[in-house]
Amino acid sequence: MRIATWNVNSIRSRVDRVTAFLERHDVDVLAIQETKCREDQFPALELSSMGYEYVHVGLNQWNGVALLSRVGLDDVTTSFADQPTFGDPPVLEPRAVGATCGGVRVWSLYVPNGRDLEHEHYAYKLEWLARLRADAEGWLAADPDAQIALTGDWNIAPQDDDVWDMAVFEGKTHVSEPERAAFRAMVDTGFSDVVRPYAPGPGTYTYWDYQQLAFPKKRGLRIDFVLASPALAARVDGAFIDREERKGKGASDHAPVVVDLA
DNA sequence: ATGGTGGGCCACCCA
C-alpha cells in the first residue's frame, strides 16, 4: 500500500497534476492540504472517476484538507478533539481530516503557518499542535497497536538542515524552538518521521518559495512529513519526495511525499 | 531566459 501527502495550493488549479501524480506513482491514499475551495467546488468527478473515494472539508478560499482513497474510506472525522479555532468570530478552520483507509488511520493535516513570532497566529499554531499531540496520545493509549499516519504540511523545519540557510530564518517562524519542541513532542509521543531515513539531508526539501527562483537555486525547506505510529512505522519499507513535481509551469510550491507500506 | 511568485478573487490577504 502506498500513501502520499501533498500541499497542492489550490485543488482546482492543480487537479490535472494531481490525477497525473496518482497514476504515475500508483498511489492508494493521498492526503491533500490547501484545497482552497468550498466543498461544492471540489473537483469530485475527476477524482471519483479514477476510482477514488474522497472526503473534503473546505469553507472558503482558505485552508481546506482532503483525503482520497481507493482502499476504503471509513470513520471519517473532520477535526480532532479540542481543535483550536481562530479569528473573531472564532472559526474551526478546515485543517484536519481523518479516515481509516485499508486498516490505516490516515490524517491530512494543515498546521497553521504562524506568520510571525509575535502574531496571534503563532500562538494559535502552538496551541493547535499541543491539542493535536494530546489527542494523538489518546489514540495510541486506547490502542498501542493502532496504525496511524499523521501526514501533511506541518509548517515546521525540525532541524537546521531542513532549511537552505539558517541565517535567513533567524527570528522567523518554522524554525523557532517552541515549534521544534512541539514537533519533538509528537515524536516523543510515538509518532516517528518515516521519510527522513529514506530521504536524508542536507539539502532535501519538500517546499520551495515561488519567489526569487528558490527552486532552481535549491533554496527550500523540509516542512511536510509523514509521522507514523509504532505499528505503522514497522510496516514502512520505502519513502521518497517527488521533487520532479515541483518543476515546470503550474507546479505547487510543495512537492508530494510518498510512503510505501509492506 | 539578463528576468525574478502565485492562488484566492477585485481590494487586497495569505503563503
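Every chain's residues receive numbers from 1 upward, in the order its sequence appears when written. Each chain gets a letter, beginning with A, and each ligand a number, beginning with 1, in the order they are written. Since the coordinates come from a predicted model, pLDDT governs what is reported: local features require at least 70, and pairs of side-chain atoms require 80 or more to be given and counted, while whole-chain, interface and lining totals use all residues. The side-chain quantities take in all heavy atoms of the structure and omit both hydrogens and water.

**Overview of the UniProt feature "site: Transition state stabilizer" (unreviewed entry) in chain A**
UniProt positions are given in the numbering used here, feature names are shortened, and annotations may be inferred rather than shown by experiment. When the UniProt feature table is mapped onto this chain numbering, "site: Transition state stabilizer" (unreviewed entry) sits at Asn155. Contacts were defined at the residue level, with two residues in contact if any of their heavy atoms lie within 4.5 Å. Each residue touching Asn155, except ones within four places of it in the same chain, is listed here: Tyr110, Val111, Pro112, Asn113, Lys125, His174, Glu179 and Ile223. From its side chain, Asn155 meets the backbone oxygen of Val111 in a polar contact 2.9 Å long. What qualifies as a polar contact is a pair of N or O atoms within 3.5 Å, subject to a donor-acceptor requirement within protein and to the restriction that residues adjacent in sequence count only when both atoms come from side chains.

**With respect to the protein's contact with DNA strand B**
Near DNA strand B, the surroundings consist of 17 residues, among which Ser10, Trp62, Arg115, Tyr210 and Leu213 are the closest. Working definition: residue near molecule or strand if any one of its non-hydrogen atoms lies within 4 Å of it. Restricting the count to atoms of DNA strand B within 4 Å of the protein gives a sugar and phosphate share of 74%. Here a phosphate oxygen of DNA strand B and a side-chain polar atom of Arg115 are 2.7 Å apart. Gln211 is positioned such that a nitrogen or oxygen atom in its backbone is 3.4 Å from a sugar or linking oxygen of DNA strand B. Of the residues forming the surface near DNA strand B, the biggest block, 3 residues, is contributed by helix H1 (residues 11-25). Any residue outside Ala, Val, Leu, Ile, Met, Phe, Trp, Tyr, Cys, Pro, Asp, Glu, Lys and Arg is labelled polar, Gly included; the first ten of those are nonpolar and the last four are charged. Partitioning the surface near DNA strand B into residue classes produces 4 nonpolar, 8 polar and 5 charged. Helix numbers and strand numbers start at the N terminus; a helix is a DSSP run of H or I with at least 4 residues, a strand a run of E with at least 2.

**Here we look at the packing of aromatic side chains**
Both the distance between ring centres and the angle between the ring planes are used here to describe each pair of aromatic rings. Two rings belonging to Phe, Tyr or Trp (six-membered ring only in the last case) form a pair when the distance between their centres is within 6.5 Å. Interplanar angles under 30 degrees mark stacking, angles over 60 mark edge-to-face geometry, and anything in between is tilted. In this structure the tally under the stated criterion is 8 aromatic pairs. Between the aromatic rings of Trp154 and Phe183, the centroid separation amounts to 6.0 Å while the plane-to-plane angle is 80°, which identifies the pairing as edge-to-face. Here Trp154, found in the loop between strand E8 (148-153) and helix H4 (177-189), pairs with Phe183, found in helix H4; they are 29 residues apart in sequence, far enough to count as distant. The buried label goes to any residue with under 20% of its type's maximum accessible area, the exposed label to any with over 50%, and the partly exposed label to all in between, with areas taken from a 1.4 Å probe on protein chains only. The exposure class of Trp154 is buried, given its relative accessible area of 0%. Residue classification places Phe183 among the buried positions, given a relative accessible area of 5%. Here a set of aromatic residues connected by ring pairs shows up, and it is made of Trp154, Phe183 and Phe225.

**Notes on the pattern of salt bridges**
Salt bridges are defined by distance alone: a side-chain nitrogen of Lys or Arg within 4 Å of a carboxyl oxygen of Asp or Glu. Throughout the structure, instances matching the rule amount to 17 salt bridges. The closest approach of N and O atoms between Arg17 and Glu245, which form a salt bridge, is 2.4 Å. Of the two residues, Arg17 sits in helix H1 while Glu245 sits in the loop between strand E13 (236-241) and strand E14 (257-261), which places them 228 residues apart along the sequence. As far as the burial class goes, Arg17 and Glu245 line up, both buried. With a shortest N-O distance of 2.7 Å, Glu93 and Arg95 are connected by a salt bridge. No difference in accessibility class separates Glu93 from Arg95, as the two residues are buried.

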